[in-house]
Amino acid sequence: MKTERVSQVVLLAGAGAVLAGALALLAADGPVGAGGAGAGAGGAGAAGAPGVPAGLAGPAARAAAGMGAGAGASPPDLAALIGDREAWLRRHPGDAVSWAVLGAAYTEHGARTGDPAAYPKAERALRRSLEARPAGGGALSHVPAGARALPDRPAGGGGVLEARPAGGGGAPAVLGLGELALARGDFGTALRWARKAGSGWRAQALLVDAHRGLGDDAAAGKALERLRKLRPTSGAAQARAVELYRDRGWREDAAARAHDAVALSGTSAERAAALRRLGDLEWERGYAREALARYEAALRVAPGDAPSLAGRARALAALGRTDEALRMYGAALEARPLPDYALEAGDLYAALGRDAAARERYARAVELADAAESYGVDTALVRGRYEAEHGDPERAVEVLRARWRGGHRSAEVADALGWALLRAGEPEQALPYARAATGRGVRSALFAYHRGEVERALGRDGAARRALEEALRINPYFSPLHAPAARRALAELGEPPQAPPER
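Residues numbered from 1 in each chain as written. Predicted model: local features only at pLDDT ≥ 70, side-chain atom pairs only at ≥ 80, totals over all residues. Heavy atoms only, no water.

1. Quick notes on the confidence of the model for the protein
For the protein, per-residue confidence averages 84 on the pLDDT scale, and 79% of positions sit at 70 or higher. Predicted confidence is poor over residues 24-52, with pLDDT under 50, and the contacts of this stretch with residues over four places away or in other chains come to 76 contacts. (pLDDT = per-residue confidence, 0-100. Contact = heavy atoms within 4.5 Å.)

2. Some remarks on the packing of helix 8 (residues 201-214) against helix 9 (residues 217-230)
Contact pair helix 8 / helix 9: the axes reach a minimum separation of 8 Å and the direction vectors enclose 160°. Viewed along their axes, helix 8 and helix 9 adopt a mutual orientation that is roughly antiparallel. For the pair helix 8 and helix 9, the crossing hand works out as left-handed. Contact with helix 8, carried on its side by Trp201, Gln204, Ala205, Leu207, Val208, His211 and Arg212, involves Ala219, Ala220, Ala223, Leu224, Arg226, Leu227 and Leu230 of helix 9 and no other residues of that element. Grouping the amino acids of the contact of helix 8 with helix 9 by side-chain chemistry returns ten nonpolar, two polar and two charged. (Axes fitted to C-alpha atoms, helices over the stretch in contact; angles between N-to-C directions. Helix = DSSP H or I, 4+ residues; strand = E, 2+ residues; numbered from the N terminus. Parallel < 35°, antiparallel > 145°, perpendicular 65-115°, else oblique. Left-handed = near helix turned anticlockwise from the far one by under 90°. Nonpolar A, V, L, I, M, F, W, Y, C, P; charged D, E, K, R; others polar.)

3. Some details on helix 23 (residues 461-474)
For helix 23, with 14 residues, the first-to-last C-alpha span of 20 Å sits near the 20 Å given by 1.5 Å per residue. Considered for burial, the residues of helix 23 that qualify are Gly462, Ala463, Ala464, Arg465, Ala467, Leu468, Ala471, Leu472 and Ile474. (Expected span 1.5 Å × (residues − 1). Buried < 20%, exposed > 50% of the residue type's maximum accessible area, 1.4 Å probe, protein only.)

4. A word on the packing of aromatic side chains
In the structure shown here, the tally under the stated rule is four aromatic pairs. With centroids separated by 5.4 Å and ring planes inclined at 85°, the aromatic side chains of Trp404 and Tyr433 adopt a geometry described as edge-to-face. Of this pair, Trp404 sits in helix 19 (residues 393-405) while Tyr433 is found in helix 21 (residues 427-438), placing the two residues 29 residues apart along the sequence. Judged by its relative accessible area of 15%, Trp404 falls in the buried class. The class of Tyr433 is buried, set by a relative accessible area of 18%. An aromatic cluster is defined as three or more aromatic residues linked by ring pairs; in this entry it consists of Trp419, Tyr449 and Phe478. (Phe/Tyr/Trp six-rings, centres within 6.5 Å; stacked < 30°, edge-to-face > 60°.)

5. Some points on the side chain of Asp247
Summarising the element assignment, Asp247 is placed in helix 10 (residues 235-247). By relative accessible area, Asp247 is classed as buried at 9%. Only 3.2 Å separates the side chain of Asp247 from the side chain of Arg246, close enough to count as a polar contact. (Polar contact = N/O pair within 3.5 Å; in protein donor to acceptor, adjacent residues only side chain to side chain.)

6. Let's talk about the pattern of salt bridges
Between side chains of opposite charge, pairing is possible as soon as their charged atoms come close. Scanning the model with the defined rule gives 30 salt bridges in all. In this structure, Glu367 engages Arg364 in a salt bridge whose closest nitrogen and oxygen atoms are separated by 2.7 Å. Pair noted here: Glu367 and Arg364 are both in helix 17 (residues 355-374), with a separation of three residues, about one helical turn. Here Glu453 and Arg456 are joined by a salt bridge, their closest N and O atoms 3.0 Å apart. With a gap of three residues between them, Glu453 and Arg456 both fall in helix 22 (residues 445-457), about one helical turn apart. Look at Glu453 and you get buried, because its relative accessible area is 11%. Sharing partners across several salt bridges, the network here consists of Arg212, Glu243, Arg246, Asp247, Glu284 and Glu412. (Salt bridge = Lys/Arg side-chain N within 4 Å of Asp/Glu carboxyl O.)

7. A closer look at the packing of helix 22 against helix 24 (residues 482-493)
In helix packing, the relevant descriptors are the interaxial angle and the interaxial distance, both defined with respect to the helix axes. Where helix 22 contacts helix 24, the two axes come as close as 11 Å, and the packing angle between them is 35°. Here helix 22 runs over helix 24; the crossing is left-handed. Contacts from Leu446, Tyr449, Glu453 and Arg456 in helix 22 reach His482, Ala485, Ala486, Ala489, Glu492 and Leu493 in helix 24. When its residues are assigned to classes, the contact of helix 22 with helix 24 shows six nonpolar, one polar and three charged.

Structure below.
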């Protein structure tokens, strides 16, 4: 089972953009202040690297350079950068920019490691950054001597601060709070921060993500157009184009953009993310062997990458290599303990008849969702899907209806709500949501299967048959539980009658 389709690649690219903007304020032509802004790391820093504060060295400098380029950083390097900024801020607690850097790094750490405990730390740091800025809303206060803010450039290298946000100064913190909301699945709050963040490319990237999460594809498309004008060949633009084209059902265009992203990748992290994105596209089309090759290529570039491990697990299960698949799910959960991975593993165990192990994984999914929620993460979608399948369907309806009424109108929420209503014995209420999910453009085997079962429950055999056949045509391996159920349902429906199908 998957959470709302805002790619983790996109989330991480966004956090990197925020950190890049904040780091630009720290960058200077020579050493910053006495000992440099990053003196806690020691050494001379990574000379010439965009967005690297003077004085940073080793893993912290690598993290800053990668983030400054919008390419992300590994968890160990992020930890080094976090440690460096924490040490710096103990000595310079009024440094607004370093608080923004620290907050963005915490957000990225939480997203990369699946550790939601990082999010409250990120929020505290980002709000400290806002509090430390000058009252008039001008340039950020406490920028080390010699540092200078640069105007946003329409294209080219990263590491420049955007034009001031509409509400005044504090652009890195404003963007950081938006990306934090995005990482928590709070797309409405992310949208509000994005609208305060000015007109630069980072604000446009955040707008794309927030609108997609809320299901407003038209607004997301307009923001993507603005982003591509500002940063036409950037990883941020390519990643979002892939996701938006996928949402619209433009599979060939999405694949072309994903191939472009591989070719344009400048770092190992960017290349791994682009390869993984290609794997996701292959998987959604039912090309299990091709998807497996893409995920394995991504893992050669970035060993231990959790989304690639989970993708490899899906592909292996589809190819009948279930023992390997279960090991891959275990590795993904260890690398990034997300409830989604636990649910998927539970479904595979259930499909194999290993009910005790399945119950254990489902319990783990609930435990992880509870922990995430305690740190401010919106778990409504994953919790609703769990309850609909394995718990209390009426509770699932309650949770997902609240999300829908709160403005989260994505195809994923429509699909999950429709399925929950069916499982709660309300197929007539389920049908409009099932139609909404399948009518948005995205080619999803799961959505088609859910609609088929809703139609079947209503006695609309022709419509049910078409939807179930479509599900298996899109991806015959889409779920270890539901793909076999789709085949059984088709067998029960039998061959279509000779009379014209109902309208």
